[in-house]
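# Fold and geometry: a report
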Amino acid sequence: TMFLPEEDRYSLSKRALTSQICSLYGGRIAEEMTLGFDGVTTGASNDIMRASQIARNMVTKWGLSEKLGPLMYAEEDGEVFLGRSMGSQQSNVSADTAQMIDLEVRRIIDECYGTAKRLLEENRDKLNAMCDALMKYETIDADQIEDIMNGRTPREPRDWQDDGDAGSSISKPDSSASPEKPIGGPAAEH
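In this report, the structure presented in the accompanying data block is examined. Worth saying up front: this structure is predicted, and the values here are computed from it rather than measured.

## Section: the overall build of the protein chain
The helix and strand inventory of the protein chain stands at six helices and zero strands. When the helices and strands of the protein chain are listed from N to C terminus, the series reads α-α-α-α-α-α. Evaluated residue by residue, the protein chain yields a buried proportion of 29% over its 190 residues. By sequence separation, contacts in the protein chain at least 24 residues apart represent 46% of the contacts at least 6 residues apart. As displayed, the protein chain offers around 12,400 Å² of accessible surface, 53% of which is attributable to carbon and sulfur atoms.

Written as structure tokens, this is what we have:
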């Protein structure tokens, strides 16, 4: 899923923001489910950062926390983040309020993480099918994703040709293929 930067969106509902946070944890949870906790990579670090920022903004800027209400708790020139010393900085929140903010952000993240994990566990067969398709074809497009989500064996990608080498199944362009490019292809092709 691709998300536009905040400034490119006019407004998002609390439900849409919560859904974004859940989606951002999908890759991390899929790694944990397939590789175990010790196999989790740093690949999700940007997603974790973005999810954390959305949750913090929900609480401190957008008034989307019932517990803290519709107030702005963040300074424009320096927000209060987890672990930041408040002693040397001017802040518009007390230590107690800062702790409440941190707890509320954590609650939102934990709730979203739990939802994303439950959805992936309930759809483990689809996760495995997508993993198998990616191992076989290296890239998949909307057609393969649609097949997987509908419980069908994914068809071959339009531009994919098996070169017969079991150790390497690299996509080769097919001159008869449609000009439509697969999702995840090189940026220059989009």
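## Regarding the packing of aromatic side chains
Counting across every chain of the model gives two aromatic pairs. Note on tyrosine 137 and tryptophan 160: the rings are 4.7 Å apart at their centroids and 80° apart in plane angle, and the pair reads as edge-to-face. Of the two residues, tyrosine 137 sits in helix α5 (residues 124-137) while tryptophan 160 sits in the segment after α6 (142-149), which places them 23 residues apart along the sequence.

## Observations regarding the environment of aspartate 132
Checked against the element boundaries, aspartate 132 lands in helix α5. Counting along the chain gives 22 residues from aspartate 132 to proline 154, while the straight-line C-alpha distance between them is 9.7 Å.

## Considerations on the pattern of salt bridges
Taken as a whole and judged by the stated rule, the model has 11 salt bridges. Arginine 106 is the partner of aspartate 110 in a salt bridge, and the nearest nitrogen-oxygen pair spans 3.0 Å. Placement of the pair is aspartate 110 and arginine 106 together in helix α4 (residues 95-122), with a separation of four residues, close to one helical turn. With a closest N to O distance of 3.8 Å, arginine 158 and aspartate 141 form a salt bridge.

## Remarks on the environment of cysteine 131
Mapped onto the elements of the fold, cysteine 131 is located in helix α5. The exposure class of cysteine 131 is partly exposed, given its relative accessible area of 37%.

## Description of the nonpolar core
Of all hydrophobic cores here, the largest spans 25 residues; its most connected members are Ile21, Ile101, Ile108 and Ile109. For this core, the elements supplying multiple residues, two or more each, are α1 (14-24), α2 (26-35), α3 (45-60) and α4. For this core, the element with the most residues is α4, which contributes eight residues. Beyond its immediate chain neighbours, meaning those up to four positions away, isoleucine 101 contacts Arg56, Val59, Thr60, Leu68, Tyr73 and Val93. Counting five residues, the second largest nonpolar core, distinct from the first, contains Ala133, Ile140, Ile148 and Trp160.

Definitions and cut-offs
Residue indices follow the written sequence of each chain, beginning from 1 at its first position. With the structure being a predicted model, the display of local features is reserved for residues of pLDDT at least 70 and the display and counting of side-chain atom pairs for 80 or more, all residues being used for whole-chain, interface and lining totals. Just so you know, side-chain values use all the structure's heavy atoms and leave hydrogens and water out. The secondary structure listing takes helices from DSSP runs of H or I that are at least 4 residues long and strands from runs of E that are at least 2 residues long, numbered from the N terminus. For every residue, the accessible area obtained with a 1.4 Å probe (protein chains only) is divided by the maximum for its type, and the residue is called buried under 20%, exposed over 50%, and partly exposed between those limits. By the convention used here, residues are in contact when the closest approach between their heavy atoms is within 4.5 Å. Method for areas: the Shrake-Rupley scheme with a 1.4 Å probe, in which residue coverage is limited to the protein chains shown. Two rings from Phe, Tyr or Trp (for Trp, the six-membered ring) form a pair when their centres are within 6.5 Å of each other. A pair whose planes differ by under 30 degrees is stacked, one over 60 is edge-to-face, and the rest are tilted. Here, a salt bridge means any side-chain nitrogen of Lys or Arg that lies within 4 Å of a carboxyl oxygen of Asp or Glu. Side-chain atoms within 4.5 Å link the members of a nonpolar core, which is a set of buried Ala, Val, Leu, Ile, Met, Phe, Trp, Tyr and Cys residues.

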